[in-house]
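Chain by chain, the residues run as shown.
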Amino acid sequence: MIRTDPVTGATSHLLELSLTQRRKLLALERVLKMASYENKPLFLRNAKSGKVALAIPAPSHMDEEGELIRRFELVRPLRSEYILAGRLDETAWEPVAQTKFSALWEAEYAADENQLVTETVFLATGLLLPIWGALPKEDLTVNRIVDKSGASWLGRHVHDLYVDATLEKLGVSRKAQTDPAKIAQAILGGGTWKAPHPLNFTVRTSRVNGARRIEIVGAEAARIPELKAMGCFTEIIAYKTRVFVPTDKAEAILQAMTGPATTPD
């Protein structure tokens, strides 16, 4: 429970739902239709995993210096994810011919269509109007989730990236467990994550010497040794010590951050 209305007694809740359902895959016909709307569709194959994706332009972000940061949405059979345009060349994604892309897409679709998948989602439900402003503005999606018995829940989806900040705004001390993989993916896509109390710093992407990095902003000096022990590294830039998270270790480090936190001596 995250709020009780003082007049009516109506309640607001943040539900943590574990959903097990058959995978919802995007058919080849639909992804090729999406590609047809682009002047130069970018068909990709991951050299490491063999998976495929269609890269389409996504809404850009503005960085702290006011510079426009281009992004792509990687549309895949099971999900979509976002990536900074400047980082795409640093990954294992590489262009592939449409015919090869189509064959790989259909093979991936056939392998996954009968599998069940379990995921955790957070849903703000109940009386939402008084708390609407505290819910993340980055995601205005309203979902209705119905189970096999017919019971249903209607509410605003709250991405893992914003759960702690939402609870903090509402004055709720209990912290929900969030998925570090989703948080890392969202940060790499241009999002900003506020670490829970008592950490009280933010993690975001920053531009350093023309390159994009994951930076921890606002960390207390006493916490820097702890962060370095987790795998972070520091650099002195313009006489200021800045803390960065290696991109290849982002998920593991965020996992350590979202675990039991300790107060520095």
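Residues numbered from 1 in each chain as written. Predicted model: local features only at pLDDT ≥ 70, side-chain atom pairs only at ≥ 80, totals over all residues. Heavy atoms only, no water.

Describing the confidence of the model for the protein
We apply this condition: Known as pLDDT, the predictor's per-residue confidence is scaled from 0 to 100. We call two residues in contact whenever any of their non-hydrogen atoms come within 4.5 Å of each other.
Overall, the prediction assigns the protein a mean pLDDT of 84, with 92% of residues at 70 or greater. Contacts of residues 261-265 to residues separated by more than four positions or lying in other chains number seven contacts, the stretch itself having pLDDT below 50.

A short note on the pattern of salt bridges
Just so we agree on the cut-off: By definition here, a salt bridge exists when the distance from a side-chain nitrogen of Lys or Arg to a carboxyl oxygen of Asp or Glu is within 4 Å. Only protein chains enter the accessibility calculation, which uses a 1.4 Å probe. A residue is then buried if its area is under 20% of the maximum for its type, exposed if over 50%, and partly exposed in between.
By the definition in use, this model includes seven salt bridges. Residues arginine 3 and aspartate 5 are paired through a salt bridge, measuring 3.3 Å at the closest nitrogen-oxygen approach. Arginine 223 is the partner of glutamate 226 in a salt bridge, and the nearest nitrogen-oxygen pair spans 2.7 Å. Judged by relative accessible area, which is 2%, arginine 223 ranks as buried. Within this structure, Arg76, Arg79 and Glu81 form a network of salt bridges that share partners.

Some details on the nonpolar core
In summary, soluble globular proteins display a tendency toward joint burial of nonpolar side chains. Spelled out, the test is: For the purposes of this section, nonpolar cores are sets of buried Ala, Val, Leu, Ile, Met, Phe, Trp, Tyr and Cys residues that join through side-chain atoms within 4.5 Å. Counting from the N terminus, the helices are the DSSP runs of H or I reaching at least four residues and the strands are the DSSP runs of E reaching at least two.
With 23 residues, the main nonpolar core has Ile187, Trp193, Phe201, Ile216, Cys232 and Met257 as its most contacted residues. For this core, the elements supplying multiple residues, two or more each, are α5 (180-188), β13 (211-217), α6 (224-230), β15 (240-245) and α7 (250-258). The leading source of residues in this core is α5, at five residues. Sequence-distant contacts of cysteine 232, defined by excluding residues within four places in its chain, comprise Ile216, Leu227, Val243, Phe244, Val245, Pro246, Ile253 and Met257. In terms of nonpolar packing, the next biggest core, distinct from the first, is built from 13 residues, Phe43, Val75, Phe101 and Trp105 among them.

Observations concerning the packing of α5 against α7
Stated precisely, the cut-off is as follows: Axis lines are fitted to C-alpha atoms, over the contacting stretch for helices. Their N-to-C directions set the angle, which ranges from 0 to 180 degrees. To sort the angles, those under 35 degrees are grouped as roughly parallel, those over 145 as roughly antiparallel, those from 65 to 115 as roughly perpendicular, and the leftovers as oblique. What makes a crossing left-handed is the near helix being turned counterclockwise from the far one by less than a right angle; a clockwise turn instead makes it right-handed. For this classification, the nonpolar set comprises Ala, Val, Leu, Ile, Met, Phe, Trp, Tyr, Cys and Pro, the charged set comprises Asp, Glu, Lys and Arg, and every other residue, Gly included, is treated as polar.
Close contact between α5 and α7 brings their axes to 8 Å; oriented N to C, the two are set at 125°. One finds that α5 runs oblique with respect to α7. For the crossing formed where α5 meets α7, the hand is right-handed. Between α5, through Pro180, Ala181, Ile183, Ala184 and Ile187, and α7, the contact on the second element is made entirely by Ala250, Glu251, Leu254 and Gln255. Split into classes, the residues belonging to the contact of α5 with α7 amount to seven nonpolar, one polar and one charged.

Notes on a nonpolar patch on the surface
Defined as follows: Only residues whose relative accessible area exceeds 30% and that form no salt bridge enter a patch; like-charged residues are grouped when within 9 Å of one another, and nonpolar side chains (Val, Leu, Ile, Met, Phe, Trp, Tyr) when within 5 Å. Methods summary: accessible areas were calculated by the Shrake-Rupley approach with a probe of 1.4 Å, and residue burial reflects only the protein chains presented.
A cluster of nonpolar side chains, namely Trp132, Val142 and Leu154, defines an oily patch on the protein surface of about 280 Å² accessible area. With respect to the element layout, valine 142 can be found in strand β9 (residues 142-146).

Considering the pairing of β9
Formally: Two strands make a pair as long as DSSP finds a minimum of two bridges between them.
Where β9 and strand β10 (residues 152-158) come together, five bridges link them in antiparallel fashion. In the strand pairing of β10, valine 142 is matched with arginine 156. Here β9 folds back onto β10, and the loop between the two strands holds five residues, one of which, glycine 150, carries a positive phi near 100°.

Observations concerning the layout of surface pockets
The condition that has to hold: Cavity and pocket criteria rest on a 1 Å grid covering protein atoms alone: a 1.4 Å probe that fits but cannot get out defines a cavity, protein on both sides within 12 Å along at least 5 of 7 lines defines an open pocket, and an atom within 4 Å of a point defines a lining residue. Grid points are joined across faces, edges and corners, and a volume is the space filled by probe spheres set on the points.
In this structure, the second largest pocket occupies an estimated 660 Å³ of space. Along the walls of the second largest pocket sit 22 residues, with Glu81, Arg87, Gln185, Leu188 and Thr247 positioned nearest its centre. Within the residue set of the lining of the second largest pocket, elements represented by two or more residues are β6 (80-84), α5 and α7. Counting residues per element, the lining of the second largest pocket draws most heavily on α5, at four residues.

Some words on the sheet that holds strand β2 (residues 11-22)
Across the sheet, which stays open at both edges, the five strands sit in the order β1-β2-β8-β10-β9 with antiparallel pairing between neighbours. Each edge of the open sheet carries a strand with a single partner, namely β1 (3-4) and β9. Bridge analysis of β1 against β2 gives two bridges, and the strand direction is antiparallel. Bridge assignment links threonine 4 to a residue of β2, and that residue is threonine 11.

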